[in-house]
Each structure stands twice: as structure tokens, then as C-alpha cells.
Amino acid sequence: MPAQAAAGAPATAAELPVREGEERWTSAELAEVRTGLEREIAAFRKEIAASASQIALGDSNDGAGDDQADAGAKTYQREHELALSYNSQDLLAQNERAVHRMDAGTYGICESCARPIGKARLQAFPRATLCVTCKQREERR
């Protein structure tokens, strides 16, 4: 781990780990990934707030006089909205974690084997916390 990151200061782009054969991160590349993550964070927060409002609005409908089909449809709709909200919350947490890892200087380090994840993988999937090998191993379980 870079000395700056260990002291709590963010690592520079060039200090982030890369796989053998990959070029070091540039400040512009890292800024582009960070901007994308921050843009998604803002969108997820907005989506979660809208979803919470929609769910609360649905809770205010008491369903009095609904037949079984109406009640079932409303239950299905509510469960669907909750599932979407939970998914957005999970993605928000993953994005926030990626930004935190950038700030801590641990971005790009596999959480399982501590080897570099790979710059190309992170550019394609900035929330990645595992290298391809460890991710494949996890999915086989």
C-alpha cells in the first residue's frame, strides 16, 4: 500500500495498482471513473428518494373494498417497488465504497487475494472489489 494511503491521504492515480502489462492509471482516467461513480451515486440517491415516496404513497391506500385480484396486484406492485429500492440501495453502497477505496488508496486491490484487480476491469466495472480469478471462484461456490 502506498505510504500516502497508509497515512490516510488519498493515493495519486499513478500509485494505484495495475496488473502486469497494464499502463499505470493517469489522473484523467481515475477522475473519469470517479466522476462516473459520483454521477451514479447522485442518480441512485434521487431514485431511492422517489421510490421511498412512491412506497409511502402506496402505504396510504388502505385497500378497503378491494377484491382478491386487486389486493394481490397491489401486493405484487409493492414488493416489486421494494425490490427495486433495495437494489438501488445496494448499488449506491457499492459506488460509495468504490469512491471510499479511491480515497483510501486501496482502489484496484482485490479484497480476496490482495493482488491488482486490473485497470481494464475497473474501467469497465468501477465497483469491482475482486479480480477476475477470485470473482470466478466466488461464482462457482
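In the annotation of an unreviewed UniProt entry, the entry for the chain reads TraR/DksA family transcriptional regulator, and the organism field reads Actinomadura yumaensis.

A. Expanded view of the UniProt feature "zinc finger region: dksA C4-type" (unreviewed entry) in the chain. Taken from the UniProt record, the annotation "zinc finger region: dksA C4-type" (unreviewed entry) applies to residues 110-134. Span residues 110-134 is 36% helix and 0% strand, its end C-alpha atoms 8 Å apart.

B. Molecular detail of the nonpolar core. Ranked by internal contacts, the top residues of the largest apolar core, which has 23 residues, are Trp25, Leu30 and Tyr107. The greatest single-element share of this core, amounting to six residues, is contributed by helix α2 (residues 27-60). Contact partners of Tyr107, with chain neighbours within four places excluded, come to Leu16, Pro17, Trp25, Leu30, Val33, Ala98, Arg101, Met102, Leu122 and Pro126.

C. Structural view of unusual backbone geometry. Look at Ala114: it is not a glycine, yet its phi comes out positive at around 65°. One can find Ala114 in the loop between α3 (68-104) and α4 (119-124).

D. Here's a closer look at the pattern of salt bridges. For the structure on display, the rule yields eight salt bridges. Across the pair Glu38 and Arg34 runs a salt bridge, and its minimum N-O distance is 3.2 Å. Residue Glu38 and its partner Arg34 are both found in helix α2; the two are separated by four residues, about one turn of the helix. With relative accessibility at 39%, the residue Glu38 sits in the partly exposed group. Residue Arg34 is classed as partly exposed on the basis of its relative accessible area of 24%. Linking Asp103 and Arg34 is a salt bridge whose minimum nitrogen-to-oxygen distance equals 2.6 Å. Of this pair, Asp103 sits in helix α3 while Arg34 sits in helix α2, placing them 69 residues apart in sequence. Judged by its relative accessible area of 32%, Asp103 is partly exposed. Through salt bridges with shared partners, a single network forms among Arg34, Glu38 and Asp103.

E. Looking closely at a positive patch on the surface. Together, Arg115, Arg137, Arg140 and Arg141 make up a region of like positive charge exposed at the surface. Topologically, Arg141 is positioned in the segment after α5 (132-140). Here Arg141 falls in the exposed class, since its relative accessible area comes to 78%.

F. Up close: the UniProt feature "domain: Zinc finger DksA/TraR C4-type" (unreviewed entry) in the chain. Mapped onto this structure's residue numbering, the UniProt feature "domain: Zinc finger DksA/TraR C4-type" (unreviewed entry) falls at residues 105-140. In the segment residues 105-140, helix accounts for 42% and strand for 0%; the C-alpha atoms at its two ends are 29 Å apart.

G. The arrangement of α3 in detail. Helix length check: α3, at 37 residues, gives a terminal C-alpha distance of 53 Å against a target of 54 Å (1.5 Å per residue), a fit within 8%. The set of residues buried in α3 consists of Glu81, Ser85, Ser88, Leu91, Leu92, Asn95, Ala98, Val99, Arg101 and Met102. The backbone nitrogen of Ala69 has a side-chain oxygen 3.2 Å away, supplied by the residue at the start of α3, namely Asp67.

What counts and what doesn't
- Residues numbered from 1 in each chain as written.
- Predicted model: local features only at pLDDT ≥ 70, side-chain atom pairs only at ≥ 80, totals over all residues.
- Heavy atoms only, no water.
- UniProt positions renumbered as here; feature names shortened; annotations may be inferred.
- Helix = DSSP H or I, 4+ residues; strand = E, 2+ residues; numbered from the N terminus.
- Core = buried A, V, L, I, M, F, W, Y, C linked by side-chain atoms within 4.5 Å.
- Buried < 20%, exposed > 50% of the residue type's maximum accessible area, 1.4 Å probe, protein only.
- Contact = heavy atoms within 4.5 Å.
- Salt bridge = Lys/Arg side-chain N within 4 Å of Asp/Glu carboxyl O.
- Patch = residues over 30% accessible without salt bridge, like charges linked within 9 Å, V, L, I, M, F, W, Y side chains within 5 Å.
- Areas by Shrake-Rupley, 256 points an atom, 1.4 Å probe, with all protein chains shown as cover.
- Lys, Arg positive; Asp, Glu negative; His and termini not counted.
- Charge placed at Lys NZ, Arg CZ, Asp CG, Glu CD.
- Expected span 1.5 Å × (residues − 1).
- Polar contact = N/O pair within 3.5 Å; in protein donor to acceptor, adjacent residues only side chain to side chain.

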